[in-house]
Amino acid sequence: MTDLTADATVSARPGAADRNPAAPGGGRTVAAVVPPSLVARLAAGVTAAGEPDLVETVAPLTGERLAALPRSTPGDVEVAYELARRAQPAWAALPVRRRAAVLLRFHDLLLKRQDEVLDLVQAETGKARLHAFEEVLAVAMAARHYGRAAHGYLRDKRHGGALPLLTHAVEARRPKGVIGHISPWNYPLELSVGDALPAFVAGNAVVNKPDTQTALTALWARELLIEAGLPADLWQIVIGDGPVVGPAVVEHADYVSFTGSTRTGREVAQRAAARLVGASLELGGKNAMLVLADADLDRAAEGAVRACFSSAGQLCISIERLLVHRAVADEFLAKFAARTRALRLGGGLAYGADMGSLVSVRQLDATTRHVEEAVKAGATVVAGGRARPDLGPFFHEPTILDGVTPEMAVCTEETFGPVVSVYRFDTEDEAVAVANATPYGLNSSVWTKELRRGRAIAARLRTGTVNVNEAYAAAYGSVGSPMGGMGESGLGRRHGAEGILRFTEAQTIAGQRVMPLAPSFGLDDRQFAAVFTGGLRVLKALRFK
Ligand code: NAD
């Protein structure tokens, strides 16, 4: 494989001062950190029993072959469900605290062995190490939160019964059984294990179909969770083509947790609906950031860089529309563009690069198409705008477009690449209207010196998360609070109470004492109705809920 050190130390060419500089390399190659022995060890974790039918992945940083992995068939998916179903009851019978202890041990192991998975995430996605570390952060936070809080979320809750003192009702939470969990390639650690942790601690088993491109990361996380104490059969991993293996995963699931595009999400939802099983769908976005006239423009420009170019824009909550108050637009844009042009691109397996590669030729083509079409139709490139094959096959510069109009695809469609368009507004009402003028509703960001004003605007934005004076991490990292999408960005929420209770069935157990809720003690029907009518009036007057 190509020596990334050599590759990544290409410096900005003289005469090309507007090009993003290359970050220093890391001295290690993808081949060295993902040797065949590691691939073979991890591949043993795939549920795929038949003839060895291999599916190959490519290292985005170099374009060379990364791994050949066994491909699961729909029959293998059935086997995975059988194994998971057999293992689940014993796991569900453990006290919640015993299950939670596995998450807390996993937290510690992950922090200790993070370098192993940072290498894998970089090798499979091509993202910068800092952005790979965001996944470690997110997963550790989720492990700590559900490790500590699951008991509270899942414990039995008493409710006021039908008749005070005479009826007692308890709400219990039962695991769904086996969760079908389908995840994409863009955050392979967070979206495979991070979303599975609350399912496990709630007493479920999981059959997970990660994207093939990033299956090694999911398989590594599975090994680590087993080391932390998870029974091995409880987490089955199947891999293969989405349209073949994905439907098979939905076909047998007691509940479906899906993260991916809105297009696939609709299909998954239809299949789940036909079987009358629930589904949570974490889908795409066309997220807006609002920079108000009173914003701290330096902080907002820094924030915009993170918001738009983390993981090279392949982040569902990243910002693709930048709405700036006209009074500060030029000043803000100058600051933002200068920072964007200075971002160091690189594929070294070490910290140092500000942005890495895109994951595939598909993402590069989609990004290039949006930029080229917009420029052809009259948009201006303020920064970036070009692919960077000198750094690796799928690199693209972080790109700012101005003069984008509604007919251009980049204005309305999710790019899922390092491209942001700038729009100017005159009033708050106009900014809110433009931000909401999309079928999506995932994330937004508001920058103002007045927190109260930021919150008031947030209340008018139709997105599942709103970050005030931060790009996306404040809301996403607040793992006790729900995160997810409105509109075409999804159904259901991860994190917080909703993020774990979706993996449970509510069961109400109610008992009755002394008298039934029916005519008794010699009352005929009319007398019973009269007594209970009076009783209901009294209960309301006494403010019973
Ligand atoms: P995708 O929909 O193509 O694939 C997602 C997963 O679904 C993959 O594992 C894929 O193999 C599988 N799949 C494909 N066809 C299927 C089918 N017919 N039935 C069942 N499963 C099938 O999405 P992608 O391109 O891999 O991911 C990028 C998208 O994911 C973007 O739109 C992004 O915004 C979204 N995303 C959303 C969130 C969120 O939390 N809202 C997080 C990350 C990514």
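Residues numbered from 1 in each chain as written. Predicted model: local features only at pLDDT ≥ 70, side-chain atom pairs only at ≥ 80, totals over all residues. Heavy atoms only, no water.

## Brief notes about the overall build of the chain
Line of reasoning, step 1. Broken down by element type, the chain carries 20 helices and 18 strands.
Line of reasoning, step 2. A globule of 545 residues ought to have a C-alpha radius of gyration of about 24 Å, and the chain, at 26 Å, matches this closely.
Line of reasoning, step 3. The dimensions of the chain, computed from C-alpha atoms along their principal axes, are 100 × 60 × 40 Å.
Line of reasoning, step 4. Burial analysis of the chain (545 residues in total) assigns 54% to the buried set.
Line of reasoning, step 5. Within the chain, contacts between residues separated by at least 24 positions form 74% of all contacts whose residues are at least 6 apart in sequence.
Line of reasoning, step 6. Summed over all atoms, the accessible surface of the chain reaches about 22,300 Å², with 56% contributed by carbon and sulfur.
Line of reasoning, step 7. Averaging the coordinates of the 60 positive side-chain charges in the chain and doing the same for the 58 negative ones gives two points 8 Å apart. (Helix = DSSP H or I, 4+ residues; strand = E, 2+ residues; numbered from the N terminus. Rg over C-alpha atoms; globule rule 2.2 N^0.38 Å. Buried < 20%, exposed > 50% of the residue type's maximum accessible area, 1.4 Å probe, protein only. Contact = heavy atoms within 4.5 Å. Areas by Shrake-Rupley, 256 points an atom, 1.4 Å probe, with all protein chains shown as cover. Lys, Arg positive; Asp, Glu negative; His and termini not counted. Charge placed at Lys NZ, Arg CZ, Asp CG, Glu CD.)

## Quick look at the sheet that holds strand S7 (residues 235-237)
Line of reasoning, step 1. Read across the open sheet, the six strands follow the order S7-S6-S5-S8-S9-S17; overall the sheet is mixed. Of all strands in the sheet, those with a lone pairing partner are S7 and strand S17 (490-491), marking the two edges.
Line of reasoning, step 2. Alignment of strand S9 (residues 278-282) against S17, held across two bridges, turns out to be antiparallel. In the sheet register, Leu281 faces S17, and the bridge partner there is Leu491.
Line of reasoning, step 3. Contacting strand S8 (255-259) and S9, helix H11 (residues 262-274) runs over the sheet at an angle of about 175° to S8. (Pairing = 2+ DSSP bridges. Axes fitted to C-alpha atoms, helices over the stretch in contact; angles between N-to-C directions.)

## Overview of the pairing of strand S1 (residues 54-58)
Line of reasoning, step 1. Burial along S1 is one-sided: Val55 and Thr57 are buried, and none of Leu54, Glu56 and Val58, which face the opposite way, are.
Line of reasoning, step 2. Bridge count between S1 and strand S2 (residues 65-70): five bridges; the pairing is antiparallel. Within the sheet, the bridge partner assigned to Val58 lies in S2 and is Arg65.
Line of reasoning, step 3. In sequence, S1 turns back onto S2 through a hairpin of six residues, with Gly63 there showing a positive phi of about 80°.

## As for the nonpolar core
Line of reasoning, step 1. Ranked by size, the top nonpolar core spans 131 residues in total, and within it Val34, Phe106, Leu322, Phe332 and Phe336 carry the most contacts.
Line of reasoning, step 2. Broken down by element, the residue count for this core peaks at nine residues, all from helix H7 (residues 129-154).
Line of reasoning, step 3. In terms of nonpolar packing, the next biggest core, distinct from the first, is built from 21 residues, Leu292, Leu323, Phe425 and Leu461 among them. (Core = buried A, V, L, I, M, F, W, Y, C linked by side-chain atoms within 4.5 Å.)

## Some words on helix H9 (residues 215-227)
Line of reasoning, step 1. Given a rise of 1.5 Å per residue, 13 residues ought to cover 18 Å, and the 18 Å separating the end C-alpha atoms of H9 matches this to within 8%.
Line of reasoning, step 2. In terms of residue burial, H9 counts as a mostly covered element, since ten of its 13 residues are buried.
Line of reasoning, step 3. Every buried residue of H9 is listed here: Ala215, Leu216, Thr217, Ala218, Leu219, Trp220, Ala221, Arg222, Leu224 and Leu225. (Expected span 1.5 Å × (residues − 1).)

## Observations concerning the sheet that holds strand S15 (residues 443-447)
Line of reasoning, step 1. Strand order across the open sheet formed by seven strands is S12-S13-S14-S11-S10-S15-S16, with mixed pairing between neighbours. The sheet is open, and its two edges are formed by strand S12 (380-383) and strand S16 (465-468), each paired on a single side. For this sheet, the mean angle separating the axes of adjacent strands, direction not counted, is 25°.
Line of reasoning, step 2. The pairing of S15 with S16 spans four bridges and is classified as parallel. Bridging from a neighbouring strand, Asn443 pairs with Thr465 of S16.
Line of reasoning, step 3. Seen against the sheet, helix H13 (residues 326-342) touches strand S10 (287-291), strand S11 (319-325), S12, strand S13 (399-402) and strand S14 (419-425) and runs at an angle of roughly 140° to S11.

## Structural notes on empty space enclosed by the protein
Line of reasoning, step 1. Across all of its chains, the model carries two cavities of 30 Å³ or more by this definition.
Line of reasoning, step 2. Looking at the largest cavity, its volume works out to about 80 Å³.
Line of reasoning, step 3. If you go around the largest cavity, you meet 15 residues; those closest to its centre are Arg321, Ala435, Thr438, Tyr440 and Thr463.
Line of reasoning, step 4. Those elements that provide at least two residues to the lining of the largest cavity are S10, helix H16 (428-436) and S15. (1 Å grid on protein atoms, 1.4 Å probe; cavity = no way out; pocket = protein on both sides within 12 Å on 5 of 7 lines; lining within 4 Å. Points joined across faces, edges and corners; volume = space filled by probe spheres on them.)

## As for the site of the ligand
Line of reasoning, step 1. As a structural note, the neighbourhood of the ligand is formed by 28 residues, with Ser183, Ser261, Thr264, Leu283 and Glu414 the closest of them.
Line of reasoning, step 2. Trp185 is positioned such that a nitrogen or oxygen atom in its side chain is 3.0 Å from an oxygen atom of the ligand.
Line of reasoning, step 3. Within the contact set of the ligand, an oxygen atom lies 3.2 Å away from a backbone nitrogen or oxygen of Gly260.
Line of reasoning, step 4. Protein contacts shield 93% of the accessible area of the ligand, which totals 850 Å² for the unbound molecule.
Line of reasoning, step 5. Most atoms of the ligand, that is more than half of them, are within 2 Å of grid points of the largest pocket.
Line of reasoning, step 6. At the level of secondary structure, the elements contributing two or more residues to the shell around the ligand comprise helix H10 (242-252), S8 and H11.
Line of reasoning, step 7. Counting residues per element, the shell around the ligand draws most heavily on H10, at four residues. (Near = heavy atom within 4 Å. Polar contact = N/O pair within 3.5 Å; in protein donor to acceptor, adjacent residues only side chain to side chain. Sits in = over half its atoms within 2 Å of the grid points.)

## Topic: a nonpolar patch on the surface
Line of reasoning, step 1. On the surface, a cluster of nonpolar side chains totalling about 300 Å² of accessible area is made up of Val538, Leu542 and Phe544.
Line of reasoning, step 2. In this fold, Val538 is placed in helix H20 (residues 525-541).
Line of reasoning, step 3. When its relative accessible area of 45% is taken as the criterion, Val538 is described as partly exposed. (Patch = residues over 30% accessible without salt bridge, like charges linked within 9 Å, V, L, I, M, F, W, Y side chains within 5 Å. Salt bridge = Lys/Arg side-chain N within 4 Å of Asp/Glu carboxyl O.)

## Comments concerning the environment of Ile500
Line of reasoning, step 1. Within the secondary structure, Ile500 is located in helix H19 (residues 496-501).
Line of reasoning, step 2. Looking at Ile500, the relative accessible area reads 0%, which means it is buried.
Line of reasoning, step 3. A C-alpha to C-alpha distance of 6.9 Å links Ile500 and Ala202, two positions 298 residues apart in sequence.
Line of reasoning, step 4. In contact with Ile500, not counting residues within four places along its chain, are Tyr146, Ala150, Tyr153, Leu154, Pro198, Val201 and Ala202.

## Quick notes on the side chain of Arg321
Line of reasoning, step 1. The topology assignment puts Arg321 in strand S11.
Line of reasoning, step 2. Of the side chains with opposite charge, Glu320 lies nearest to the buried Arg321, which makes no salt bridge, at 7.5 Å.
Line of reasoning, step 3. A polar side-chain atom of Arg321 sits 3.0 Å from the main-chain carbonyl oxygen of Val434.
Line of reasoning, step 4. A distance of 2.8 Å separates a polar side-chain atom of Arg321 from the backbone oxygen of Ala435.
Line of reasoning, step 5. When near neighbours in sequence (up to four residues on either side) are disregarded, Arg321 contacts Lys286, Asn287, Ala288, Met289, Cys411, Val420, Ser421, Tyr423, Val434, Ala435 and Thr438.

## Some words on the side chain of Ser318
Line of reasoning, step 1. Topologically, Ser318 is positioned in the loop between helix H12 (297-309) and S11.
Line of reasoning, step 2. With relative accessibility at 2%, the residue Ser318 sits in the buried group.
Line of reasoning, step 3. Within the local environment of Ser318, its side chain forms a polar contact with the backbone oxygen of Gly313, the two atoms lying 3.4 Å apart.
Line of reasoning, step 4. Once residues lying within four places of it in the same chain are set aside, the contact partners of Ser318 are Asn287, Ala307 and Gly313.

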